[in-house]
Amino acid sequence: MPNTSGGASVKEITRTRVKLPNMYHVIFHNDDVTTMDFVVQVLISVFHKSASDAEAIMLTVHHKGAAVVGTYTYDMAITRRQIAIEMAQAEGFPLKITIKPE
């Protein structure tokens, strides 16, 4: 049956914008107890840094008092922080790690 209404068909265009997740910095803080070797080990095993990058970050933490070790989505930042803190506690180190919005 032909269209006899005389009207034109209308196509609706919908645009969706995808909002990127907020990002968070994971920050290591210097202390007088946690060993440099342990910090490097955590940076390699938890934060997937190369040995040379881990050493450079560790030295920045040591000399400047703190350093951003990575920037992640909230869930990733919290998870990596928790794993690193549990590793430190198991070794008796008071490693302080904070998270701050980018």
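Not measured: the values here are computed from a predicted model.

It is at 11 Å that the axes of helix α1 (residues 36-45) and helix α3 (residues 74-91) come closest, and there the two elements cross at 145°. The way α1 lies across α3 gives a crossing that is right-handed. Where α1 approaches α3, its residues Phe38, Gln41, Val42 and Ser45 are matched on the opposing element by Ala84, Met87, Ala88 and Glu91. By residue class, the composition of the contact of α1 with α3 is five nonpolar, two polar and one charged.

For α3, built from 18 residues, the straight-helix expectation of 26 Å at 1.5 Å per residue is met to within 8% by its first-to-last C-alpha distance of 26 Å. Listing the buried residues of α3 in full gives Ala77, Arg80, Ala84, Ile85 and Ala88. The buried side chains of α3 occupy one side of the element, clustering within an arc of 130° when seen end-on. Opposite its buried face, α3 presents the exposed residues Asp75, Gln89 and Ala90, each directed more than 90 degrees away. Those residues of α3 that are buried lie in contact with β1 (23-29), α1, β2 (66-73) and β3 (96-101).

The subject of this paragraph is the side chain of Arg80. Mapped onto the secondary structure, Arg80 falls in helix α3. Although buried, Arg80 forms no salt bridge, and the nearest oppositely charged side chain, Asp75, lies 12 Å from it. Here Arg80 is in contact with Val46, Phe47, His48 and Tyr72, once residues within four sequence places are set aside.

Calculation notes
- Within each chain, residue numbers correspond to sequence positions counted from 1 in written order.
- Totals for whole chains, interfaces and linings use all residues, but because this is a predicted model, local features are given only for residues with pLDDT of at least 70 and pairs of side-chain atoms are given and counted only at 80 or more.
- Remark: hydrogens and water are excluded; side-chain values derive from all non-hydrogen atoms of the structure.
- Helix axes use the C-alpha atoms of the stretch in contact, all axes being lines fitted to C-alpha atoms, and the angles between their N-to-C directions lie in the range 0 to 180 degrees.
- Comment: elements are numbered from the N terminus, with helices defined as DSSP H or I runs of at least four residues and strands as E runs of at least two.
- The crossing is said to be left-handed when, going from far helix to near helix, the turn is anticlockwise and less than a right angle, and right-handed when the turn is clockwise.
- Residue contacts are counted whenever heavy atoms from the two residues lie within 4.5 Å of one another.
- Only Asp, Glu, Lys and Arg are considered charged in this grouping, and only Ala, Val, Leu, Ile, Met, Phe, Trp, Tyr, Cys and Pro are considered nonpolar; every other residue, Gly among them, is considered polar.
- Expected span of a helix: the number of residues minus one, times 1.5 Å.
- Throughout this description, buried means an accessible area under 20% of the type-specific maximum (1.4 Å probe, protein chains only), exposed means over 50%, and partly exposed covers the range between.
- Working definition: the arc comes from the directions between the helix axis and the C-beta atoms, pointing outward to the latter.
- Neither His nor the chain ends is counted toward charge; the positive residues are Lys and Arg and the negative residues Asp and Glu.
- Put simply, a salt bridge is a Lys or Arg side-chain nitrogen that is within 4 Å of an Asp or Glu carboxyl oxygen.

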